[in-house]
Amino acid sequence: DDELLDLVDSTNVFARVAPEHKLRLVKALQAGGQVVAMTGDGVNDAPALKRAEIGVAMGVNGTAVAREASDIVLADDNFASISAAVEEGRRVYDNLSKSLAFVLPTSLGQAMIILVAVLFFPVTDGHLLMPIEPVQILWVNLVVAIALALPLALEAREPGLMQRPPRPPKEPLLSRFLVVRTFLVGALMTGGAAGLFLLEYTADLSEGAAVELARGKAQTMAVTTIILFQMLYLLNCRSLTQTFWRIGLFGNLWVYLGIGVTLLLQLVFVYFEPLNLLFHTRPLEAADWLMSAGVAFAGFLIILLEKWLWRQNGSSEQGENGVR
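**A few points about the overall build of the protein chain**
Counting secondary structure elements, the protein chain contains 11 helices and 5 strands. In summary, the protein chain has a C-alpha radius of gyration of 27 Å against a globular reference of 20 Å for 324 residues, an excess of more than 25%. Dimensions of the protein chain, computed from C-alpha atoms along their principal axes, come out at roughly 90 × 40 × 35 Å. Expressed as a percentage of the 324 residues in the protein chain, the buried residues total 43%. Counting contacts in the protein chain only where the partners sit at least 6 residues apart, residues at least 24 apart contribute 65% of the total. Carbon and sulfur atoms make up 65% of the accessible area of the protein chain, which totals about 16,700 Å². Across the protein chain, the 24 positively charged side chains and the 31 negatively charged ones have centroids separated by 5 Å.

**Concerning the pattern of salt bridges**
As a working rule, side chains carrying opposite charge can pair if their charged atoms are close by. All chains considered together, the criterion is met by 12 salt bridges. With a shortest N-O distance of 3.0 Å, Glu-87 and Arg-157 are connected by a salt bridge. Of the two residues, Glu-87 sits in helix α5 (residues 80-120) while Arg-157 sits in the loop between α6 (134-148) and α7 (176-206), which places them 70 residues apart along the sequence. Linked by salt bridges that have partners in common, Asp-94, Lys-98, Glu-158 and Arg-164 make up one network.

**Points about a negative patch on the surface**
Together, Asp-2, Glu-3, Asp-6 and Asp-9 make up a region of like negative charge exposed at the surface. Mapping Glu-3 onto the fold places it in helix α1 (residues 2-7).

**Digging into the sheet that holds strand β1 (residues 37-40)**
In spatial order, the strands read β1-β2-β3; together these 3 strands make up an open sheet with parallel pairing. Sheet topology places β1 and β3 (72-74) at the edges, where each strand pairs with a single neighbour. The average undirected angle you get between the axes of adjacent strands in this sheet is 25 degrees. Strand direction decides the pairing type here: β1 and strand β2 (residues 54-58), joined by 4 bridges, are parallel. If you follow Gly-40 over to β2, its bridge partner there is Ala-57.

**Quick look at the packing of α5 against α7**
Interhelical geometry of α5 versus α7 gives an angle of 45 degrees and a closest axis separation of 7 Å. In terms of orientation, α5 and α7 fall into the oblique class. For the pair α5 and α7, the sense of crossing is right-handed. Side by side, α5 and α7 meet where Ser-97, Ala-101, Leu-104, Pro-105, Thr-106, Leu-108, Gly-109, Gln-110, Met-112, Ile-113 and Val-116 of the first sit next to Leu-178, Arg-181, Thr-182, Phe-183, Val-185, Gly-186, Ala-187, Met-189, Thr-190 and Ala-193 of the second. Class assignment of the residues belonging to the contact of α5 with α7 gives a composition of 13 nonpolar, 7 polar and 1 charged.

**As for the side chain of Gln-266**
On the secondary structure map, Gln-266 appears in helix α9 (residues 253-271). Given the relative accessible area of 1%, Gln-266 is considered buried. Here the side chain of Gln-266 touches Trp-139 through a polar contact of 3.1 Å, side chain to side chain. Setting aside chain neighbours within four positions, we find Gln-266 in contact with Trp-139, Val-223, Thr-224, Ile-227 and Trp-289.

**Points about the pairing of β2**
For β2, the buried fraction is high: 4 of the 5 residues fall into the buried class. The parallel pair β1 and β2 is bridged by helix α3 (residues 46-51), and the resulting crossover is right-handed. Pairing between β2 and β3: 3 bridges, direction parallel. Across the sheet, Met-58 pairs through a bridge with Leu-74, a residue of β3. Following the chain from β2 across helix α4 (residues 64-69) to the adjacent parallel β3, one finds a crossover that is right-handed.

**A word on the confidence of the model for the protein chain**
Chain-level statistics for the protein chain give a pLDDT mean of 88 and a share of 96% at 70 or above. Scored below 50 in pLDDT, residues 315-324 shows 39 contacts in the model against residues more than four places distant or in partner chains.

**A closer look at α6**
For an α-helix, the turn length of 3.6 residues means that residues three or four places apart are oriented alike. A rise of 1.5 Å per residue sets the reference length of α6, with its 15 residues, at 21 Å; its end C-alpha atoms lie 20 Å apart and thus fit the reference within 8%. Residues Gln-136, Ile-137, Trp-139, Val-140, Val-143, Val-144, Ala-147 and Leu-148 constitute the buried set of α6. Taken end-on, α6 shows its buried residues confined to a sector of 155 degrees, consistent with a single buried face. The outward face of α6, more than 90 degrees from its buried face, is lined by the exposed residues Pro-134, Leu-138 and Ile-146. Taken together, the buried residues of α6 touch α5, α8 (211-236), α9 and α10 (273-279).

Conventions adopted
Residues numbered from 1 in each chain as written. Predicted model: local features only at pLDDT ≥ 70, side-chain atom pairs only at ≥ 80, totals over all residues. Heavy atoms only, no water. Helix = DSSP H or I, 4+ residues; strand = E, 2+ residues; numbered from the N terminus. Rg over C-alpha atoms; globule rule 2.2 N^0.38 Å. Buried < 20%, exposed > 50% of the residue type's maximum accessible area, 1.4 Å probe, protein only. Contact = heavy atoms within 4.5 Å. Areas by Shrake-Rupley, 256 points an atom, 1.4 Å probe, with all protein chains shown as cover. Lys, Arg positive; Asp, Glu negative; His and termini not counted. Charge placed at Lys NZ, Arg CZ, Asp CG, Glu CD. Salt bridge = Lys/Arg side-chain N within 4 Å of Asp/Glu carboxyl O. Patch = residues over 30% accessible without salt bridge, like charges linked within 9 Å, V, L, I, M, F, W, Y side chains within 5 Å. Pairing = 2+ DSSP bridges. Axes fitted to C-alpha atoms, helices over the stretch in contact; angles between N-to-C directions. Parallel < 35°, antiparallel > 145°, perpendicular 65-115°, else oblique. Left-handed = near helix turned anticlockwise from the far one by under 90°. Nonpolar A, V, L, I, M, F, W, Y, C, P; charged D, E, K, R; others polar. Polar contact = N/O pair within 3.5 Å; in protein donor to acceptor, adjacent residues only side chain to side chain. Right-handed = clockwise from strand over helix to strand, strands pointing away. pLDDT = per-residue confidence, 0-100. Expected span 1.5 Å × (residues − 1). Arc of directions from axis to C-beta.

Below is the structure:
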């Protein structure tokens, strides 16, 4: 057995093995920390199929015992289907990581904006000055969840997906890489939205605008900044470490459709009077849109820089969560 543990690391083919040898080989590979997939079709293969992490039985010529002992049944008995399944699994895992990298900073950023307001913003007549109101947060969450987050689930596989080394089975989905990205994006969104709110609010007050009007316009700019920030960040989430144009500008047209729908909805949010009354917003001028877009684009560039730094450092964490 000790000799076999050494052999399995350096041997590619074991010929003329008996059924009990297959089980010993599976156990030896597992003892070395490997994740084992076992294919088989006969009754004698059942113990090894059951012991392996992934048992794969033949669906056409395989016995009922082999199929019952397996985790996966190949309906066409084609080994190429295994490769296709691995490829699809890696794509799904990639897209799950990308969705987390998009959704978590969005939620964290909104929470941080409220926290900054509670800690540092003034209280006037018993009311806290808020960069964004709860009903406006609901609007952001509604738009982002439907129009921006869903397209990531349809992202095509990245180049070189099948050339990546296997992901460690005990690796957490929420790695240090994603945690750092979450706090970075959340901080950028918070700083941009809250800073632009204060800038616009104080400027309007200095020009003699009423407090309610100044607050409504500044909040509208904060919400618009958050939406535009997330639209550009969505492009960065198409790949967690590569620039989106390197993986193909038009590999996922749903992303651009989501961005277009989001922009249209935000225009309605800003200029449709019934929504102004419902969400306490005010129409914006072209210069206001440019300021919000400038803040969002600055965040976009910072994330591109962060990706470049990860690639330059060659961090092993780029391989975590399916992003190597």
